[in-house]
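Coordinate analysis (summary)
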Amino acid sequence: MLTINTEPNMERTDQELEKEWNSIDWKEVERSVNRIQGKIFLATKNRDNKKLKNLQKLARRSFYFHLFSIKQVTMVNQGKYTAGIDGKVYRSIRDRYNLLNRLKEFNPNNYKPMPIKRVYIPKPNGGRRPLGIPTIFDRCVQTLYKLVLEPEFEQNFHSNSFGFRPGRGAQDAVELIKKNLGGYQEKYILDADIKGFFDNIDHALILKHFQPRFQTILQKWLTSKIVENNISRIPAKGTPQGGVISPLLANVALNEFDHLFNPHPSFSRTDIRRRIITIRYADDYVVISNSKPILGQIYSIMGKYFTKIGLQFNKSKTRIVERSEGFNFLGFHFVKYPKSFLKITPSKHNLKRVKANLKKTLVRNGQAKTSAVIYRLNQIIRGFAMYYRFCNSTYAFSTLDNTLFRWEWKWCKRRHPNKTKWWIAEKYFTLESKFRWKLKGDYWVSVRFLDIARKKYGWVVGSRSPMDPTIRDRWKMKPLMDNNPFCR
């Protein structure tokens, strides 16, 4: 049984607190969280509302859930060092103990979230994406409620929804598209996007899916003041893109859409929805059909549905195409030429973006240590290659490797303009046959895109969830193993 002293004691030294914090068995914490989440999942599946309510109350007050929430927000998440409106970042162990005490004394009836700080980040198309950043404590509370609520809704989410869900990702959506675009029969695709989904979604559309005991605190988060340029306002609609719980709220709001526009036995034979399949990732989705006129009707029906709930299509990103024309989805380009196989490659836009990141890293670090530059380059290369290693990426990886080598050579030549090319080659590059022409430093050797092994992705999750305790052990098996019976 895990026990640590959470009582405030200023006489305890930082070394004592750090020793106690480092002694926490995080595997035990995770097992406890997973066990309770599995019980919530089964209670929802069996429609045992009384047990569900008791388990969710237990989870909200659980010491393990509090610890897990604090670890996620202050140690794991990408924004762990991003402060909210209060300017506080909880880096030290003592700060984490203070958060633990605040969660221990947390009362949802007296809770009032602090205003949300509005910031903007650049979008790939040149625009700016608005983000709402809650304070660290508010993020911990949101993470706690996300852990409590997610197992309940995982039971009801549609199997064709892949965005921001446990055990699912972009590769699963790509595999399902690949499965439905194959064959010799002509296929048409409605490539669609919802305009400003997170900023325009109706609060009532979200809250109606939750039990009354959760609606109060969710309403507080949805109507939290947004501070921008020292001006605050209360939003009448939308959920802050940047909040921990926002992706869950988005999936809950669009779950009705997933069930309404996907094949279902209850649809009549004359219902055109029987002749389409919809695949959604967050607010981006594709609709596949054998008939272009049917997709035109579906586009009209969907437009009316979204207008009814206060949303609309992003017309600049929505179109109906043949599979031979090709389309982009989740950074992949899909195209199937006549009498050929379905080709899935990295999109041109993402290739340009990774080239720009690599070039910017070399230009901005003209006098930095070689190992530091290699470390940053390897992060970019591995991140891009691991995402695209399951598609037809060999040609794209080879092109990127050739381009990167030219830039690395120019970077070295700029540092030593009076040295010969043989001197530069011996100082900065490995010349062994196995690792030929790779940039080397005191501690690191650069990787190439082609060093990342390409694999066939065979993991199709269907309607299964890692929160289901009856299949969790099999879920932990490596999905890429051919002998995994759960992949069949």
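Residues numbered from 1 in each chain as written. Predicted model: local features only at pLDDT ≥ 70, side-chain atom pairs only at ≥ 80, totals over all residues. Heavy atoms only, no water.

1. Examining helix 7 (residues 170-181)
If you check helix 7, its first and last C-alpha atoms are 16 Å apart, about what twelve residues at 1.5 Å a residue would give, namely 16 Å. Buried residues dominate helix 7, accounting for nine of its twelve residues. A170, Q171, D172, A173, V174, E175, L176, I177 and L181 are the residues of helix 7 that are buried. Just downstream of helix 7 lies G183, where phi reads positive at about 90 degrees. (Helix = DSSP H or I, 4+ residues; strand = E, 2+ residues; numbered from the N terminus. Expected span 1.5 Å × (residues − 1). Buried < 20%, exposed > 50% of the residue type's maximum accessible area, 1.4 Å probe, protein only.)

2. Describing helix 11 (residues 246-260)
Taking 1.5 Å of rise per residue, the 15 residues of helix 11 would be expected to cover 21 Å, and the 22 Å separating its terminal C-alpha atoms lies within 8% of that figure. Remark: the principal bend of helix 11, roughly 40 degrees, maps to L254. Across the 15 residues of helix 11, twelve count as buried, placing the element largely inside the fold. Within helix 11 the residues assigned to the buried category are S246, P247, L248, L249, A250, N251, V252, A253, L254, N255, F257 and D258. (Bend = angle between axes of the 7 residues up to and from the residue.)

3. Things to note about the pattern of salt bridges
For the coordinates displayed, the defined rule picks out nine salt bridges. As a salt-bridge pair, D14 and R94 come within 3.0 Å of each other at their nearest N and O atoms. With a gap of 80 residues between them, D14 in helix 1 (residues 14-22) and R94 in helix 5 (residues 93-104) connect regions that are remote in the sequence. For D14, a relative accessible area of 47% gives the class partly exposed. Here R165 and E154 are joined by a salt bridge, their closest N and O atoms 3.0 Å apart. (Salt bridge = Lys/Arg side-chain N within 4 Å of Asp/Glu carboxyl O.)

4. A short note on the nonpolar core
Core analysis: the biggest nonpolar cluster contains 75 residues, and V141, L218, Y285, M302 and F306 have the highest contact counts within it. Looking at this core element by element, the count peaks at ten residues for helix 6 (residues 136-154). Contact partners of Y285, with chain neighbours within four places excluded, come to L190, D191, A192, I194, F257, T278, I279, R280, M302, F306, F313 and F329. The next biggest cluster of nonpolar side chains, apart from the first, holds 53 residues, and it includes V354, V373, F390 and V461. (Core = buried A, V, L, I, M, F, W, Y, C linked by side-chain atoms within 4.5 Å. Contact = heavy atoms within 4.5 Å.)

5. Some thoughts on the sheet that holds strand 6 (residues 276-281)
The sheet built from four strands is open, its strands ordered 6-7-3-8 with antiparallel pairing. In this open sheet, the two strands that pair with only one neighbour each are strand 6 and strand 8 (319-322). Mean inter-strand twist for the sheet, computed between neighbouring axes without regard to direction, equals 20 degrees. Here helix 11 sits on the sheet in contact with strand 6 and strand 7 (284-289), set at roughly 175 degrees to strand 6. The strands that helix 12 (residues 292-308) touches are strand 3 (188-193), strand 6, strand 7 and strand 8; relative to strand 7, the one it contacts most, it runs at about 145 degrees. (Pairing = 2+ DSSP bridges. Axes fitted to C-alpha atoms, helices over the stretch in contact; angles between N-to-C directions.)

6. A closer look at the side chain of T370
Following the sequence through the fold, T370 ends up in helix 14 (residues 370-388). The class for T370 is buried, based on a relative accessible area of 13%. For T370, the contacting residues outside a window of four places in its chain are W411, R415, Y428, L439, K440 and G441.

7. Focus on a nonpolar patch on the surface
Together, Y375, Y443 and W444 give the surface a local cluster of nonpolar side chains, amounting to about 410 Å² of exposed area. Within the secondary structure layout, W444 lies in the loop between strand 13 (438-439) and helix 17 (472-475). W444 gets classed as partly exposed once you look at its relative accessible area, which sits at 40%. (Patch = residues over 30% accessible without salt bridge, like charges linked within 9 Å, V, L, I, M, F, W, Y side chains within 5 Å. Areas by Shrake-Rupley, 256 points an atom, 1.4 Å probe, with all protein chains shown as cover.)

8. Notes on the confidence of the model for the protein chain
Here the protein chain averages 87 in pLDDT, and 93% of its residues register 70 or above. For the protein chain, the element scoring lowest by mean pLDDT is helix 17, at 60; helix 3 (residues 49-61) scores highest, at 95. Counting interchain partners and residues more than four positions distant, the pLDDT-below-50 stretch residues 477-488 has 23 contacts. (pLDDT = per-residue confidence, 0-100.)

9. Description of the sheet that holds strand 1 (residues 116-122)
Pairing within the open sheet is mixed, and its four strands lie in the order 2-1-4-5. The sheet terminates laterally at strand 2 (128-133) and strand 5 (231-233), the two strands that pair on one side only. Shown here is a sheet whose adjacent strand axes are inclined to one another by a mean of 35 degrees, direction ignored.

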